[in-house]
Amino acid sequence: MDIIIAGATIKDETMIQKAIASAPEYPFSKKYILFDGLKEDSGSLKTDNYFAYTKYIANKYPEFIVIRFDECIYFREMIEYVCGLSKADRLFVIQDDVEVMPMDLKRIVIRMNHL
């Protein structure tokens, strides 16, 4: 199972870090952070902040593969893209504005495998 943290346009720089911190303990095969691209009407200051922030996150979380999209393609297309990269049977996806409630993901996977 791979984990994907999917980020939209950055409005609150703490959101994606909270989503990462809330992820359940699990031996994920690969870890991805996806950053949607900026909308065309974004100014250069916003663009500079975006690049600086995505670089900061990549440095802070080196265990994650950080993918930054050049265009604003939204959640569904980002997930379709990473599905083409991932070799995992399952994906655990968290949007950047969500904090996951505590869970025993290992037990949940065991149950899923017995269905």
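All figures in this text were calculated on a predicted structure; none of them were measured in a lab.

### Focus on the confidence of the model for the protein
Consideration 1: Averaged over the protein, the pLDDT score is 90; the fraction of residues at 70 or greater is 96%.
Consideration 2: Mean pLDDT across the elements of the protein bottoms out in helix α2 (residues 44–60) (85) and peaks in strand β2 (residues 31–35) (96).

### Things to note about empty space enclosed by the protein
Consideration 1: One pass over the full model with this rule turns up one cavity of 30 Å³ or more.
Consideration 2: Its boundaries defined by the atoms lining it, the largest cavity holds a volume of some 40 Å³.
Consideration 3: What lines the largest cavity is simply G7, A8, I10, K11, D12, M15, I16, F35, Y53 and D96.
Consideration 4: Looking at the lining of the largest cavity, its residues break down into six nonpolar, one polar and three charged.

### Topic: the layout of surface pockets
Consideration 1: For the largest pocket, the calculated volume is near 220 Å³.
Consideration 2: What lines the largest pocket is a set of 15 residues, among which G7, A8, T9, Q95 and D96 lie closest to the centre.
Consideration 3: Breaking the lining of the largest pocket down by element, the ones donating at least two residues are β1 (2–7) and α3 (74–85).
Consideration 4: A per-element tally of the lining of the largest pocket places α3 first, with three residues.
Consideration 5: Residue classes in the lining of the largest pocket are distributed as seven nonpolar, three polar and five charged.

### Description of the side chain of D96
Consideration 1: Mapped onto the elements, D96 comes out in the loop between β4 (91–95) and α4 (105–113).
Consideration 2: Those residues within four positions of D96 in sequence are excluded, and the remaining contacts are A6, G7, A8, M15, I16 and A19.

### What about the environment of K31?
Consideration 1: In this structure, K31 sits in strand β2.
Consideration 2: The sequence separation of K31 and Y56 amounts to 25 residues, and the corresponding C-alpha distance is 17 Å.
Consideration 3: Residues contacting K31, with those up to four places away along its chain left out, are I3, E63, F64 and I65.

### A few points about the packing of aromatic side chains
Consideration 1: Within the structure shown, the criterion is met by seven aromatic pairs.
Consideration 2: The interplanar angle of 70 degrees and the centroid separation of 5.5 Å between the aromatic rings of Y50 and F51 together place this pair among those described as edge-to-face.
Consideration 3: On the basis of relative accessibility, which here comes to 4%, the residue Y50 falls in the buried class.
Consideration 4: In this structure F51 comes out as partly exposed when scored by relative accessible area, which is 37%.

Calculation criteria
- Residues numbered from 1 in each chain as written.
- Predicted model: local features only at pLDDT ≥ 70, side-chain atom pairs only at ≥ 80, totals over all residues.
- Heavy atoms only, no water.
- pLDDT = per-residue confidence, 0-100.
- Helix = DSSP H or I, 4+ residues; strand = E, 2+ residues; numbered from the N terminus.
- 1 Å grid on protein atoms, 1.4 Å probe; cavity = no way out; pocket = protein on both sides within 12 Å on 5 of 7 lines; lining within 4 Å.
- Points joined across faces, edges and corners; volume = space filled by probe spheres on them.
- Nonpolar A, V, L, I, M, F, W, Y, C, P; charged D, E, K, R; others polar.
- Contact = heavy atoms within 4.5 Å.
- Phe/Tyr/Trp six-rings, centres within 6.5 Å; stacked < 30°, edge-to-face > 60°.
- Buried < 20%, exposed > 50% of the residue type's maximum accessible area, 1.4 Å probe, protein only.

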